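The primary structure of each chain is shown beneath.
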Amino acid sequence: MSKTVALPWYHRADWPRLLAQFADRDAISDCYDAWKNTAIAREARWQRDGYDVKRIELRPEAFDEWCRNNHRPANYASRRAYVDEMLTRQVPPAATLAPTG
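Because the structure is a prediction, the values reported are computed rather than measured. (Residues numbered from 1 in each chain as written. Predicted model: local features only at pLDDT ≥ 70, side-chain atom pairs only at ≥ 80, totals over all residues. Heavy atoms only, no water.)

Colleague: How would you sum up the side chain of Arg 80? Please name residues and give values.
Modeller: Following the sequence through the fold, Arg 80 ends up in helix H4 (residues 76–88). Within the structure, Arg 80 has its side chain in polar contact with the backbone oxygen of Ala 6 (distance 3.0 Å). (Helix = DSSP H or I, 4+ residues; strand = E, 2+ residues; numbered from the N terminus. Polar contact = N/O pair within 3.5 Å; in protein donor to acceptor, adjacent residues only side chain to side chain.)

Colleague: Go over the pairing of strand S1 (residues 4–9) with me, naming the residues and quoting the values.
Modeller: Most of S1 sits out of view: 6 of its 6 residues are buried. Side chains Thr 4, Ala 6 and Pro 8 of S1 all project onto a buried face; the interleaved residues Val 5, Leu 7 and Trp 9 project onto the opposite face, where all are buried too. Here 6 bridges tie S1 to strand S2 (residues 52–57), and the two strands are oriented parallel to one another. From the neighbouring strand, Pro 8 faces S2, where its bridge partner is Ile 56. (Buried < 20%, exposed > 50% of the residue type's maximum accessible area, 1.4 Å probe, protein only. Pairing = 2+ DSSP bridges.)

Colleague: For the packing of helix H3 (residues 60–70) against H4, give the residues involved together with the corresponding values.
Modeller: For the pair H3 and H4, the least separation of the axes is 11 Å and the interaxial angle reads 105°. As the angle between them shows, H3 and H4 are arranged roughly perpendicular. Where H3 approaches H4, its residues Ala 62, Phe 63, Trp 66 and Cys 67 are matched on the opposing element by Ser 78, Arg 79, Ala 81, Tyr 82, Glu 85 and Met 86. Class assignment for the residues of the contact of H3 with H4 results in 7 nonpolar, 1 polar and 2 charged. (Axes fitted to C-alpha atoms, helices over the stretch in contact; angles between N-to-C directions. Parallel < 35°, antiparallel > 145°, perpendicular 65-115°, else oblique. Contact = heavy atoms within 4.5 Å. Nonpolar A, V, L, I, M, F, W, Y, C, P; charged D, E, K, R; others polar.)

Colleague: Residues and numbers for the packing of aromatic side chains, please.
Modeller: Throughout the structure, instances matching the rule amount to 11 aromatic pairs. Pairing Tyr 10 with Trp 35 gives two aromatic rings, centres 4.8 Å apart and planes at 55°, and the pair type is tilted. In this pair, Tyr 10 sits in the loop between S1 and helix H1 (15–21) while Trp 35 sits in helix H2 (residues 32–48), placing the two residues 25 residues apart along the sequence. For the residue pair Tyr 10 and Trp 35, the accessibility class agrees, reading buried in each case. Ring centres 5.6 Å apart and planes at 80° place the aromatic pair Trp 66 and Tyr 82 in the edge-to-face group. Of this pair, Trp 66 sits in helix H3 while Tyr 82 is found in helix H4, placing the two residues 16 residues apart along the sequence. Accessibility assignment for this pair places Trp 66 and Tyr 82 in one class, buried. (Phe/Tyr/Trp six-rings, centres within 6.5 Å; stacked < 30°, edge-to-face > 60°.)

Put into structure tokens, the structure is as follows:
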């Protein structure tokens, strides 16, 4: 059985708002296409490693609300936690895993 992993997925139209929202925005490319190319490469690598990759949409309003409700900053760790939580709502927890990189 392959393990399922969540991949944060952003929409081009949301990119400027997300960048403004992210506390660690200096660690993320200003260019949506650069982010997307990196995400697609990561997705392919995880698939080659045997993971079932699920793209989890991260929308500004929902993520902002989740961060407020969970008393978390809008950073990488919170984005991972958010998509992992959204994934567990779709896939039984025993089948999920968060790979590194």
